[in-house]
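Coordinates in review
Below, each chain spelled out in residue letters.
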Amino acid sequence: MRLPPLSLYIHFPWCEQKCPYCDFNSHELNQPLEETVYIDQLLIDLSSQHCFLFGRTVSSIFMGGGTPSLFSPESIERLLVGIKQIVTLTENVEITLEANPGSVESSKFSGYLAAGINRLSIGIQSFQDQKLQSLGRIHTGREAYEAYAIARQCGFENINLDLMHGLPNQSVHDALFDLREAINLNVNHISWYQLTIEPKTIFARNTPLLPNDLILGDIEQKGLAMLHDATYARYEISAYARQGFECRHNINYWKFGDYLGIGAGAHGKISETHTGQIFRSSRPRQPRLYLRKNAFKALNRTAVLEADRAAEFLMNTLRLIAGVDFDTYEDYTNMSINTIQEGVKHFQNLGLWQDNKIALTQNGLRHLDSIVAHFL
Ligand SMILES: C[S@@+](CC[C@H](N)C(=O)[O-])C[C@H]1O[C@@H](n2cnc3c(N)ncnc32)[C@H](O)[C@@H]1O
Ligand code: SF4
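Since we're looking at a predicted model, the values are computed, not measured.

A closer look at the state of the cysteines
- Scanning all chains against the criterion turns up zero disulfides.
- The closest cysteine sulfur to the non-disulfide-bonded cysteine 247 is located on cysteine 22, 19 Å from its own sulfur.
- Assessed through its relative accessible area of 1%, cysteine 247 is described here as buried.

Notes on the site of ligand 2
- Taken together, the residues surrounding ligand 2 are Cys15, Gln17, Lys18, Cys19, Tyr21, Cys22, Ser26, Gly66, Thr67, Asn100 and Arg137.
- Grouping the constituent residues of the shell around ligand 2 by class yields four nonpolar, five polar and two charged.

Quick word on helix 9 (residues 213-229)
- Between its first and last C-alpha, helix 9 extends 24 Å over 17 residues, near the 24 Å set by a 1.5 Å rise per residue.
- Those residues of helix 9 that sit buried are Leu216, Ile219, Gly223, Leu224, Met226 and Leu227. Down the axis, helix 9 shows its buried residues gathered within 165 degrees of arc, on one side only. When the buried face of helix 9 is taken as reference, the exposed residues oriented beyond 90 degrees from it are Leu214, Gln221, His228 and Asp229.
- Close packing links the buried residues of helix 9 with strand 7 (159-165), helix 7 (172-184), strand 8 (189-194), strand 9 (233-236), strand 10 (239-241) and helix 15 (362-365).
- Where helix 9 begins, one side-chain oxygen reaches toward the backbone nitrogen of leucine 214, 3.1 Å away; that side chain belongs to asparagine 212.

Some thoughts on the site of ligand 1
- In the vicinity of ligand 1 lie 17 residues, with Gly66, Gln125, Arg137, Asp162 and Thr196 positioned nearest.
- A distance of 3.2 Å separates a nitrogen atom of ligand 1 from a polar backbone atom of tyrosine 21.
- For ligand 1, a nitrogen atom lies 2.9 Å from a polar atom in the backbone of threonine 196.
- When the free accessible area of ligand 1 is taken as 560 Å², the share hidden by the protein chains comes to 90%.
- Listing elements by their share of the shell around ligand 1, those giving two or more residues are strand 6 (119-125), strand 7 and strand 8.
- Partitioning the shell around ligand 1 into residue classes produces five nonpolar, eight polar and four charged.

What about the layout of surface pockets?
- Of the voids in this model, the second largest pocket is the one considered here, and its volume is about 250 Å³.
- Lining of the second largest pocket is provided by 14 residues; of these, Trp14, Gln31, Pro287, Arg288 and Leu291 occupy positions nearest its centre.
- Within the residue set of the lining of the second largest pocket, elements represented by two or more residues are strand 3 (27-28) and helix 11 (287-290).
- Across the lining of the second largest pocket, the residue classes tally to seven nonpolar, four polar and three charged.

Quick look at the domain arrangement of the protein
- For the protein, the assigned domains read domain 1 (6-251) and domain 2 (306-376).
- Tallying the contact residues gives seven residues for domain 1 and seven residues for domain 2.
- Carbon and sulfur atoms supply 56% of the area that domain 1 and domain 2 bury against each other, a total of about 620 Å² over both sides.
- The largest per-residue losses of area from domain 1 upon contact with domain 2 belong to Arg234, Glu236 and Ile237, which jointly make up 64% of the total buried on that side.
- Here domain 1 is connected to domain 2 by one salt bridge.
- In this structure, glutamate 236 engages arginine 319 in a salt bridge whose closest nitrogen and oxygen atoms are separated by 2.6 Å.
- If you look at where domain 1 meets domain 2, you find three residue pairs in polar contact (both at pLDDT 80 or more).
- Those elements that provide at least two residues to the side of domain 1 that touches domain 2 are helix 9 and strand 9.
- Residues belonging to the side of domain 1 that touches domain 2 are distributed by class as follows: three nonpolar, one polar and three charged.

Quick notes on the rules
Residues numbered from 1 in each chain as written. Chains lettered and ligands numbered in written order. Predicted model: local features only at pLDDT ≥ 70, side-chain atom pairs only at ≥ 80, totals over all residues. Heavy atoms only, no water. Disulfide = S-S within 2.5 Å. Buried < 20%, exposed > 50% of the residue type's maximum accessible area, 1.4 Å probe, protein only. Near = heavy atom within 4 Å. Nonpolar A, V, L, I, M, F, W, Y, C, P; charged D, E, K, R; others polar. Helix = DSSP H or I, 4+ residues; strand = E, 2+ residues; numbered from the N terminus. Expected span 1.5 Å × (residues − 1). Arc of directions from axis to C-beta. Contact = heavy atoms within 4.5 Å. Polar contact = N/O pair within 3.5 Å; in protein donor to acceptor, adjacent residues only side chain to side chain. Areas by Shrake-Rupley, 256 points an atom, 1.4 Å probe, with all protein chains shown as cover. 1 Å grid on protein atoms, 1.4 Å probe; cavity = no way out; pocket = protein on both sides within 12 Å on 5 of 7 lines; lining within 4 Å. Points joined across faces, edges and corners; volume = space filled by probe spheres on them. Domains from an automatic or database assignment. Buried area = accessible area lost by both parts, 1.4 Å probe. Salt bridge = Lys/Arg side-chain N within 4 Å of Asp/Glu carboxyl O.

Structure follows, in structure tokens:
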């Protein structure tokens, strides 16, 4: 077994308003945000996991949500200062913060940069007001352009824009318009997601009219060509980057790397060479429960069974366009490649799996879920 890089994920569970398509652990904020209390608890949470680190350094941090940009730059700075007192960060550590467009949020960007954030991920979704309204977003298209412009003016260079397509009543033209606008901004990273209807969301109960498969196929084919022509390399199913701007934090997840998770509902995964085990941990989803005193007294870790390791590994690594080599499988799962050889051959014969590595073909990527299910 070889240890993968170690990342730190920090969850911020509140949003101004819950979007009808969203199944992330996000809760509408209906009382004043108690920033200090939450930051204190995050640091207690991290300290409680220090014993599992055995001197390892953290190479990336991702502050995700919810809406981390509800928090002030002062709080984010205090958090980062506190983190550095508990764990060692690598010299060129990548530190991402997810931000929502909106004038209040954007006014904080320069403070985040000064606090040590060096990558911003902005949830644009669409540049068109009518589409934003259909998604229940509380910002306008104009605020989306402004958020990006302000981020650049402040000095952020490493920026991601989240866009969604396959939106209610969306035409091919509308979807490509959003993509073209992002490309014209010359942003270095684009996450281009197809809207999915998630169980227990408002959209699941009351589903709007979505584009049919023919339109979706056309959007995907033309969108991929557009991104390619504009020199964005697709390195994961939904992630496109100019060279050198790939998200190192997410790549670590997709390579079955290790991560500490702090914050309400955050998950962690830690490998141990001395036991040969891989442990998963999780935190209470409800902010109220997460903020309870002694919330981290119990260890709350479970070992990943050998029977589950192959599927868990493939669920992540097969999302990467370049995939990984066979050695990475043996190193990070602590199992022999023989455990998946038969399945690999089967999908290679069907033309869905690439030769000599753990990676799907273009056609295989369309069947990712059923291919992973084969290894369960
Ligand atoms: C953690 S989420 C939210 C980040 C931020 N709070 C926001 O909404 O801008 C990250 C991204 O996932 C995408 N996303 C969320 N729900 C989705 C869904 N049901 N289908 C496809 N993409 C989704 C959105 O593009 C979103 O920006
Ligand atoms: S999509 Fe973003 S802003 Fe909307 S509820 Fe989910 S986390 Fe909050």
